[in-house]
Amino acid sequence: MPVLPGAEPYRHDGGPTGVLLCHGFTGTPQSMRPWAEDLAARGHTVSLPLLPGHGTRWEDLQLTGWQDWYAEVDRALGELLARCERVYVAGLSMGGALALRLAARHGDAVRGVVVVNPANKVHGLSAYALPAARHLVRTTKGLVSDIALEGSEEVGYHRVPLHAAHSLRNFFRLVDAELPQVTQPLLLLRSPRDHVVPPADSARVLGRVSSRDVTEILLQNSFHVATLDHDAPRVFEESAAFLARTGANGADSRPEGEAVSG
C-alpha cells in the first residue's frame, strides 16, 4: 500500500549523538518530523521510523500488534548504536511507551529519554470490553489531530482498529511493569489540556521509573500532539538542552534527585 503523503520515515546522518524518535498509535512520522528536522539542524543523527501498519490505511494496522511496532524501533535503535557514540530515545504518546521500554531493556546503551504526553494505559470501561468487543466491532473513532494550533493537522487514521487497540492495552501493561528498570535521565513534557492521554499517565511514569535525574515540563498552550502545536518550539529547545546537558563529556551537571517543573 502507498504511504500517506507526509507519513514517510525520516533519517539524517549527522554527528556522534543519535536520537531515535517514536511516533504514536495510529499516527505517523509526520507528527514528529519538525522535531526530527530541528535535531538534524543541530547536527545530530536522527532516526524516525514508520511503525508497521501505520501510514497507509487502518486495515493494515488491524493486522499488526505491539510486537511489530516494538521490533521496528528496536531495529532502528540498533542501527544508531552501531553508528553513534551516544544515543537517546524519544517518543510521543504510545511512542513514549516504546521509548521507555527501549530504555528499560537496553540499559546504559541508551543515554537518556525524552517523552511527550506519554501513554501508559487504555482508560475507561472500553478497556475492559476490548477482549470481547474486538471480535464484534472492527473499529472505533480515531485519536488524531488533538491540536490547539489552528490550521495544524496530524496525518493518521481516523478509525482505531480494535484488534490493534487490544494489543496496545497489553503493551502498556508490559511497559508499566518494566518502568522501574528505567534509570536514565528522563525529560517528560506534558500538556495539562490533553484530550487523548490523561495526566495520570505521566504521573504513573514519573512515579515508577528509577531515574534520579527527572525533569517535568508543562506545555500550557498545547493539546496532545504538542510536537505540532503552539509549544513545539519549546519541546525542541528543551530536548536539545537536555541532550547537551546529559551528553557533555558523559557527565550530568544536575545534582542527584533534583526535579524541575515549569
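Residues numbered from 1 in each chain as written. Predicted model: local features only at pLDDT ≥ 70, side-chain atom pairs only at ≥ 80, totals over all residues. Heavy atoms only, no water.

Naming follows an unreviewed UniProt entry, where the protein appears as Alpha/beta fold hydrolase of Streptomyces odorifer.

For the structure shown, the criterion picks out three aromatic pairs. Judged by centre distance (5.5 Å) and plane angle (25°), the ring pair of Trp66 and Phe171 falls under stacked. One end of the pair, Trp66, is in helix H3 (residues 66-83); the other, Phe171, is in helix H6 (residues 162-178), and 105 residues separate them in sequence. Taking NZ or CZ as reference, Arg101 lies 4.6 Å from the ring centre of Tyr70, over its face. (Phe/Tyr/Trp six-rings, centres within 6.5 Å; stacked < 30°, edge-to-face > 60°. Helix = DSSP H or I, 4+ residues; strand = E, 2+ residues; numbered from the N terminus. Lys NZ or Arg CZ within 6 Å of the ring centre and 35° of its normal.)

Before going further, it helps to examine the nonpolar core. Judged by nonpolar contacts, the single largest core of 43 residues is most densely connected at Leu20, Trp69, Val89 and Leu100. Looking at this core, the elements with two or more residues in it are strand S2 (17-22), helix H2 (58-61), H3, strand S4 (86-92), helix H4 (94-106), strand S5 (112-116), H6 and strand S8 (186-190). Here this core takes eight residues from H4, the largest share from any one element. Those residues in contact with Trp69 that sit more than four places away from it in its chain are Phe25, Leu51, Pro52, His54, Leu61, Thr64, Met94, Leu98, Ala164, Ser167 and Leu168. Counting 28 residues, the second-largest nonpolar core is a separate cluster that includes Leu39, Ala40, Val116 and Ile147. (Core = buried A, V, L, I, M, F, W, Y, C linked by side-chain atoms within 4.5 Å. Buried < 20%, exposed > 50% of the residue type's maximum accessible area, 1.4 Å probe, protein only. Contact = heavy atoms within 4.5 Å.)

On to the pairing of S5, then. Where a strand is regular, its side chains alternate between the two sheet faces. For S5, the buried fraction is high: five of the five residues fall into the buried class. Judged by which residues are buried, S5 turns out to be covered on both faces: Gly112, Val114 and Val116 on one side and Val113 and Val115 on the other are all buried. This β-α-β element, S4 to H4 to S5, shows right-handed connectivity. (Right-handed = clockwise from strand over helix to strand, strands pointing away.)

Judged by relative accessible area, which is 0%, Phe171 ranks as buried. Between the alpha carbons of Phe171 and Gly65 there is a distance of 8.9 Å; along the sequence they are 106 residues apart. Every residue in contact with Phe171, bar those within four places of it in the chain, is listed here: Trp66, Ala97, Leu98 and Arg101.

All right, on to unusual backbone geometry then. The phi angle at Thr26 is positive, at roughly 70°, despite the residue not being glycine. Locating Thr26 in the fold gives a position in the loop between S2 and helix H1 (33-41). In this model, Asn117 sits at a positive phi of 45°, which is unusual for a non-glycine residue. Looking at where Asn117 falls in the secondary structure, it is placed in the loop between S5 and helix H5 (125-133). Overall, Asn117 belongs to the buried group, its relative accessible area being 2%.

Let us now look at the pattern of salt bridges. Considering all chains together, one arrives at 17 salt bridges under this definition. Here Asp13 makes a salt bridge to Arg11, at a shortest N to O gap of 3.1 Å. Overall, the relative accessible area of 37% leaves Arg11 in the partly exposed class. Put simply, Glu237 and Arg42 hold a salt bridge, and the shortest N to O gap is 2.9 Å. Within this pair, whereas Glu237 is found in helix H8 (residues 232-247), its partner Arg42 is found in the loop between H1 and strand S3 (45-48), the two being separated by 195 residues in sequence. Each of Arg11, Asp13, Glu72, Arg75, Glu79 and Arg83 takes part in salt bridges that share partners, so that together they form one network. (Salt bridge = Lys/Arg side-chain N within 4 Å of Asp/Glu carboxyl O.)

Glancing now at the environment of His224. Its place among the elements puts His224 in the loop between strand S9 (214-218) and H8. Look at His224 and you get buried, because its relative accessible area is 5%. Sequence separation of His224 and Val197 is 27 residues, and the distance between their C-alpha atoms is 7.1 Å. Polar side-chain contacts of His224 include one of 2.7 Å to the side chain of Asp194. (Polar contact = N/O pair within 3.5 Å; in protein donor to acceptor, adjacent residues only side chain to side chain.)

Here the focus is the confidence of the model for the protein. Put simply, the protein has an average pLDDT of 90, and 87% of its residues get 70 or more. Counting contacts from residues 248-262, a segment whose pLDDT is below 50, to residues more than four positions away or on other chains yields 25 contacts. (pLDDT = per-residue confidence, 0-100.)

A separate point is H8. The first and last C-alpha atoms of H8 sit 22 Å apart over 16 residues, in line with the 22 Å expected at 1.5 Å per residue. Here the buried face of H8 lies against S2, H1, S4, S5, S8 and S9. (Expected span 1.5 Å × (residues − 1).)

What follows deals with the packing of H1 against H8. Put simply, H1 and H8 touch, their axes get as near as 10 Å, and they point 45° apart. If you check the angle between H1 and H8, you find them oblique. For the crossing formed where H1 meets H8, the hand is right-handed. Each of Pro34, Trp35, Asp38 and Leu39 in H1 lies in contact with H8, whose residues at this interface are Val235, Phe236, Ser239 and Leu243. Class assignment of the residues belonging to the contact of H1 with H8 gives a composition of six nonpolar, one polar and one charged. (Axes fitted to C-alpha atoms, helices over the stretch in contact; angles between N-to-C directions. Parallel < 35°, antiparallel > 145°, perpendicular 65-115°, else oblique. Left-handed = near helix turned anticlockwise from the far one by under 90°. Nonpolar A, V, L, I, M, F, W, Y, C, P; charged D, E, K, R; others polar.)

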